[in-house]
Amino acid sequence: MEKQPGKMTVKQADHDKVVVDFSGQLDIDSGAKLWRDSMELQEKYLPDMLLVDASNVGYCDGAGIGMLVELKKRQTVVGKQFSIQGLSSEMQELMALTAEP
């Protein structure tokens, strides 16, 4: 199986809502660019809702999970909403393990 590098596609971006699709492999190899791009997008718009679609993610390691957790944290710490859809069961388990008490 050929490795598909991680990719972020912005579906909507304004102050009300930012919608991004992640696809491919969210891993250490693609992590730095995706992390930087997603954090810059979140900082630019400070949206009321950040919606992440992960249904096209084929693989996600700790770096990818860390990025998703950081996006969630940055939204919720300022009282904004965050939602992820399309997580595989493995990704859901990893997100649950990193959830703050």
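Look above for the structure.
The structure displayed is predicted, hence computed values, not measured ones. (Residues numbered from 1 in each chain as written. Predicted model: local features only at pLDDT ≥ 70, side-chain atom pairs only at ≥ 80, totals over all residues. Heavy atoms only, no water.)

Draft legend 1. Structural detail: the environment of I84. Of note, I84 is situated in strand β4 (residues 81–85). Residues I84 and L50, spaced 34 residues apart in sequence, show a C-alpha to C-alpha distance of 8.5 Å. Leave out the neighbours within four places in its chain, and I84 touches V52, A54, L68 and M95. (Helix = DSSP H or I, 4+ residues; strand = E, 2+ residues; numbered from the N terminus. Contact = heavy atoms within 4.5 Å.)

Draft legend 2. Expanded view of the pairing of strand β1 (residues 7–13). Relative to strand β2 (residues 17–26), β1 runs antiparallel, the two sharing 6 bridges. By the bridge assignment, T9 is partnered in β2 with D21. Connecting the antiparallel pair β1 and β2 is a turn made up of 3 residues. (Pairing = 2+ DSSP bridges.)

Draft legend 3. The sheet that holds β2, seen in detail. On the basis of which strands lie adjacent, the open sheet formed by 4 strands has the order β1-β2-β3-β4 and mixed pairing. Lying at the two open borders of the sheet, with one neighbouring strand each, are β1 and β4. Taking the axes of each pair of neighbouring strands and ignoring which way they run, one obtains an average angle of 15 degrees across the sheet. Taken together, the 9 bridges between β2 and strand β3 (residues 49–60) define a ladder with parallel strand orientation. Directly across from Q25, in β3, lies its bridge partner Y59. (Axes fitted to C-alpha atoms, helices over the stretch in contact; angles between N-to-C directions.)

Draft legend 4. Fine view of helix α2 (residues 62–76). When the terminal C-alpha atoms of α2 are compared, their 21 Å separation across 15 residues agrees well with the 21 Å that a helix rising 1.5 Å per residue should span. Of the surrounding secondary structure, the elements contacted by the buried residues of α2 are β2, α1 (28–45), β3, β4 and α3 (89–97). The distance from a side-chain oxygen at the start of α2 to the backbone nitrogen of A63 is 2.9 Å, and the residue carrying that oxygen is D61. (Expected span 1.5 Å × (residues − 1). Polar contact = N/O pair within 3.5 Å; in protein donor to acceptor, adjacent residues only side chain to side chain.)

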